[in-house]
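# Architecture and fold: a report
One letter stands for each residue in the lines below.
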Amino acid sequence: MNLTKNNRTDKNRKETFFKYLFLFCAFVAVISVFAITFFVFARGLKPFMPWNDSGYSLIDFLSGVEWRPGSDKFGILYMIIGSLLATIGAITIGVPIGLFTAVFIAELAPKKIANIVRPAVELLAGIPSILYGVFGLGMIVKILTKYSPNAQGQSLLATILVLTIMILPTVITMSETAIRAVPSCYRDGSLALGASKIQTVFKVIIPAAKSGIFAGVVLGIGRAIGETMAVMLVSGNPIAGIPTSLWDRVRPLTTNIALEMGYASGTHQDLLFSTGVVLFIFIMIINLALNKLVHNKIK
Amino acid sequence: MKKYTIFILIMLMAFTLATGCQGGSEDDSEGQVSGDVTNLTGEIVGGGSTSTKNIMEATGEEFTAINPDVIFEYNSTGSSDGVKGADEGTYAIGTASRQIKEEEKASNLTEKVFAFDGIAVIVHPDNDIQDITIEQIAKVYKGEIVNWSELGGEDAPIVVVSREDGSGTRGAFEEIIDFEEALTADATIGEGNGNVQSTVAGNANSIGYVSFTYIDSTVKALTVEGIEATTENVLNESYKVSRPFVMVYHEENLNDATKAYIEFLMSSEGQKIVESEGGIPVK
């Protein structure tokens with residue numbers, strides 16, 4: 001085959017082909033986002049449209065504290081609160097632990113120990129979420145059962161603990177990358193001015209790595225609020241009731257969808273999509289808010 | 001040359017990606033046709049209980065696989081509708097997931113029990129309670145009894161475990177025990193029989209209910225009003241937390257295809273499908 005003869009046109013053709021191939025690949029993601037958004041919103045908003053006879057009131061949906069599809073009671077307020085409390089709890093415990101682990105690996109730990117901790121964290125990230133749930137049910141719930149005033153371990157607390165472990169890898173990896181990206185002259189400068197190692201970490205490195213750490217927190221929140229399988233096993237999923245203590249059971253938005261989608265039909269099914277819409281909106285708000293925060297901080 | 005190979009490979013991959021989503025689920029049931037293909041034709045119209053839907057559709061699917069010219073249709077509209085439909089001729093076969101009521105028994109309406117559904121009430125093996133009555137179960141699940149001492153056990157709160165809404169087992173349980181839509185808000189919801197079983201196995205104060213196949217050494221099945229939860233006791237109708245799956249039809253309304261289908265459903269092959277769909281076979 002004569003490769004030199006048509007080299008130029010051949011090269012051009014290849015260039016064009018790959019250009020469009022890359023464009024096509026890039027569009028797969030964009031189209032998916034739009035398709036998912038459109039699909040979920042189209043189904044999820046259907047019951048609230050005024051022309052829908054078999055619909056449901058949006059206010060009742062968002063303010064109800066009872067989910068009994070058989071009696072036409074579809075209230076998700078207690079689920080929204082459950083989801084938020086579980087996420088806030090997991091972030092409150094998980095972010096400090098994660099951040100300090102990242103600082104430890106990146107700044108303080110001797111190489112030997114860092115080489116043990118880092119693979120462990122990476123492994124933690126790779127464990128399928130259902131296994132977290134099985135672990136949560138077999139260990140955390142079992143232990144909590146002994147101390148719970150409700151005589152059972154499935155609770156907000158169990159959910160928070162499982163979610164905390166689950167968001168650790170995200171927070172640690174993102175924070176570590178951010179900390180490592182801080183130019184070493186910052187460190188040197190701080191140390192040269194007489195600051196101790198810990199002072200340098202808190203006063204110089206963490207502030208400098210802030211945007212990366214925030215990104216880790218955003219992803220952590222996303223994972224916590226979106227987690228389904230693991231949470232389903234440990235949260236208790238009650239059909240009613242706003243959680244008022246750590247020992248109360250919660251039914252996060254995600255598990256509500258996963259539990260019943262297999263059987264639901266008609267309005268019930270549409271309202272499960274509506275639950276998805278609420279979840280979707282939450283994720284968008286959190287992303288936008290924290291993005292804004294990060295950008296403001298950088299400026 | 002090598003470049004061209006890679007080029008072609010990428011094209012192939014893109015092509016499979018692009019076409020992959022179209023093929024899909026069309027022909028996965030083919031090739032599993034068992035037995036001889038017959039030339040039976042006709043339409044089988046069935047309808048009734050939602051609980052028997054899985055069994056009816058699974059057997060119907062298998063039957064139409066053997067008899068490709070037969071059209072099978074099942075409408076899950078409820079037990080009462082099934083009996084009424086069979087009597088009025090809307091359905092050739094109507095099904096009910098309960099005993100046929102006295103007032104429903106029309107003249108020459110044939111009844112045939114083709115499966116049973118049994119649910120075991122389970123507690124932790126360490127629980128001292130051995131027996132429970134239907135009334136007590138109802139009170140526990142409605143949240144009127146909240147402590148084991150009220151049932152003769154230790155002074156400990158009862159942790160009620162139920163199934164997700166829409167589950168056939170939950171529907172059957174609520175219907176048989178008669179507390180439909182009155183489940184206590186305190187109930188923990190487990191997803192699937194296995195989840196309820198492991199939740200009960202992990203908590204000494206809990207009570208749950210599962211299909212018979214989920215009884216094992218990690219949980220203890222209670223006797224209900226003195227009767228043990230076994231398939232024999234379901235078949236002789238002494239175990240209360242069970243119900244028959246009945247089909248009703250007018251003999252003269254049946255076409256050949258429907259007759260053959262009923263025969264198939266009652267055959268050992270049909271009953272095997274009943275069992276795989278979670279029912280208790282009658283033979």
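Residues numbered from 1 in each chain as written. Chains lettered and ligands numbered in written order. Predicted model: local features only at pLDDT ≥ 70, side-chain atom pairs only at ≥ 80, totals over all residues. Heavy atoms only, no water.

Short version of the rule: UniProt positions are given in the numbering used here, feature names are shortened, and annotations may be inferred rather than shown by experiment.
The name given to chain A in an unreviewed UniProt entry is Phosphate transport system permease protein, with the source organism recorded as Alkalibaculum sporogenes. In the Sequence similarities (unreviewed entry) part of its UniProt record, chain A is described as follows: "Belongs to the binding-protein-dependent transport system permease family. CysTW subfamily." Recorded in UniProt for chain A, the comment headed Subcellular location (unreviewed entry) runs: "Cell membrane".

### Brief notes about the overall build of chain A
Worth spelling out the cut-off: A run of DSSP states H or I qualifies as a helix once it reaches four residues; a run of E qualifies as a strand once it reaches two. Both are numbered from the N-terminal end. Using a 1.4 Å probe on the protein chains alone, a residue whose accessible area is under 20% of its type maximum counts as buried, one over 50% counts as exposed, and one in between counts as partly exposed. The contact definition used throughout considers only heavy atoms, calling two residues in contact when any of these lie within 4.5 Å. Here the open area of atoms and residues is found with the Shrake-Rupley method and a 1.4 Å probe, where only the protein chains shown may cover a residue. In this charge count, Lys and Arg are treated as positive and Asp and Glu as negative; neither His nor the chain ends contribute. Lysine's charge is taken at NZ, arginine's at CZ, aspartate's at CG and glutamate's at CD.
Summing up its helical and strand segments, chain A has twelve helices and two strands in all. Along the chain direction, N to C, the helices and strands of chain A fall in the order α-α-β-β-α-α-α-α-α-α-α-α-α-α. Taking all 299 residues of chain A together, the buried fraction comes to 44%. Of the contacts formed within chain A by residues at least 6 apart in sequence, a portion of 71% connects residues at least 24 apart. Only carbon and sulfur atoms are counted for the fraction: they give 69% of the accessible area of chain A, which is about 15,800 Å². The positive charge centre, built from 26 side chains, and the negative charge centre, built from 14, are 11 Å apart in chain A.

### A short note on helix H2 (residues 53-66) of chain B
As a reminder of what qualifies: What a helix is expected to span follows from its residue count: subtract one and scale by 1.5 Å.
The terminal C-alpha atoms of H2 of chain B lie 20 Å apart, and with 14 residues this matches the ideal 20 Å at 1.5 Å per residue to within 8%. When we look at burial in H2 of chain B, the residues that qualify are Ile-55, Met-56, Ala-58, Thr-59, Gly-60, Phe-63 and Ile-66 of chain B.

### Considering unusual backbone geometry
Excluding glycine, a negative phi dihedral is what most residues carry, and trans is how most peptide bonds are arranged. One non-glycine residue, Ala-151 of chain A, lies in the positive phi region at around 65°. Looking at the element boundaries, Ala-151 of chain A is found in the loop between helix H5 (129-147) and helix H6 (156-180). Notably, Asp-178 of chain B is not glycine yet its phi reads approximately 70°, a positive angle. Structurally, the position occupied by Asp-178 of chain B is in the loop between helix H5 (168-177) and strand S7 (188-190).

### What about the UniProt feature "domain: ABC transmembrane type-1" (unreviewed entry) in chain A?
The feature "domain: ABC transmembrane type-1" (unreviewed entry), as annotated in UniProt, sits at residues 80-290 of chain A in this numbering. For residues 80-290 of chain A, helix accounts for 79% and strand for 0%, while the C-alpha atoms at its two ends are 20 Å apart.

### Notes on the interface of chain A and chain B
Let me state the cut-off plainly: Defined here as a combined quantity, buried area equals the accessible surface (1.4 Å probe) lost by two parts on assembly, summed across both. Counted as salt bridges are all cases of a side-chain nitrogen of Lys or Arg within 4 Å of a carboxyl oxygen of Asp or Glu. Nitrogen and oxygen atoms within 3.5 Å of one another constitute a polar contact, given that in protein one can donate a hydrogen and the other can accept it, and given that sequence-neighbouring residues count only through two side-chain atoms. Each residue gets one label: Ala, Val, Leu, Ile, Met, Phe, Trp, Tyr, Cys and Pro are nonpolar, Asp, Glu, Lys and Arg are charged, and the others, such as Gly, are polar.
At the interface, 31 residues of chain A touch 30 residues of chain B. Taking both sides of the interface into account, the surface hidden between chain A and chain B amounts to around 2,500 Å²; carbon and sulfur atoms contribute 58%. Here chain A is connected to chain B by one salt bridge. Asp-186 of chain B is paired through a salt bridge with Arg-249 of chain A; the nearest N and O atoms lie 3.9 Å apart. Inspection of the region where chain A meets chain B yields eight residue pairs in polar contact (both at pLDDT 80 or more). Counting residues per element, the ones that place at least two in the side of chain A that touches chain B are helix H1 (7-45), H5, helix H10 (229-234) and helix H11 (253-260) of chain A. Of the residues forming the side of chain A that touches chain B, the biggest block, five residues, is contributed by H1 of chain A. When the residues that make up the side of chain A that touches chain B are grouped by side-chain class, the tally is 15 nonpolar, ten polar and six charged.

### Structural notes on the environment of Glu-104 of chain B
Its location among the elements puts Glu-104 of chain B in the loop between strand S3 (93-96) and strand S4 (109-123). Residues in contact with Glu-104 of chain B, not counting those within four places in the same chain, are Ser-80, Val-83, Arg-98 and Leu-109 of chain B.

### A look at the packing of aromatic side chains
Aromatic ring pairs: the centre-centre distance and the angle between the two ring planes describe each pair. Just so we agree on the cut-off: Put simply, two rings from Phe, Tyr or Trp (the six-membered ring, in Trp's case) pair if the centres are within 6.5 Å, and we call them stacked under 30 degrees between planes, edge-to-face over 60, tilted for the rest. Look at NZ for Lys and CZ for Arg. If either is within 6 Å of the ring centre and within 35 degrees of the ring normal, a charge sits over the ring.
Per the counting criterion, the structure on display carries 18 aromatic pairs over all chains. Ring geometry for Phe-173 of chain B versus Phe-179 of chain B: centroids 5.9 Å apart, planes at 85°, classification edge-to-face. Assessed through its relative accessible area of 0%, Phe-173 of chain B is described here as buried. Judged by relative accessible area, Phe-179 of chain B falls into the buried class, the value being 2%. Between the aromatic rings of Phe-173 of chain B and Tyr-209 of chain B, the centroid separation amounts to 3.8 Å while the plane-to-plane angle is 10°, which identifies the pairing as stacked. Of this pair, Phe-173 of chain B sits in helix H5 while Tyr-209 of chain B sits in strand S8 (residues 206-211), placing them 36 residues apart in sequence. Like Phe-173 of chain B, the residue Tyr-209 of chain B is buried in the burial classification. Within the aromatic cluster, the residues linked to one another by ring pairs are Phe-63, Phe-72, Tyr-261 and Phe-264 of chain B. If you follow Lys-19 of chain A out to its NZ or CZ, it ends over the ring of Tyr-20 of chain A, 5.6 Å from the centre.

### Observations regarding the UniProt feature "transmembrane region" (unreviewed entry) in chain A
All names here are of chain A. UniProt marks residues 20-42, 76-109, 121-144, 156-179, 200-225 and 271-290 with the feature "transmembrane region" (unreviewed entry), using the numbering shown here. Taken as a whole, residues 20-42 contains 100% helix and 0% strand, while its terminal C-alpha atoms sit 31 Å from one another. Across residues 76-109, the secondary structure splits into 94% helix and 0% strand, with the terminal C-alpha atoms separated by 46 Å.

### Here we look at the nonpolar core
To be explicit about the condition: Residues grouped as a nonpolar core are buried Ala, Val, Leu, Ile, Met, Phe, Trp, Tyr and Cys residues, joined through side-chain atoms within 4.5 Å.
Judged by nonpolar contacts, the single largest core of 47 residues is most densely connected at Phe-61, Trp-67, Ile-76 and Leu-253 of chain A. If you list the elements that add at least two residues to this core, you get helix H3 (77-108), H5, H6, helix H9 (210-226), H10 and helix H12 (266-298) of chain A. Looking at this core, the element that brings in the most residues is H6 of chain A, giving nine residues. Not counting the four nearest positions on each side in its chain, Phe-61 of chain A is found in contact with Phe-48, Tyr-56, Trp-67, Phe-74, Gly-75, Ile-76, Leu-77, Leu-271, Ser-274, Thr-275 and Val-278 of chain A. Counting 46 residues, the second-largest nonpolar core is a separate cluster that includes Ala-151 of chain A together with Phe-116, Ile-145 and Phe-212 of chain B.

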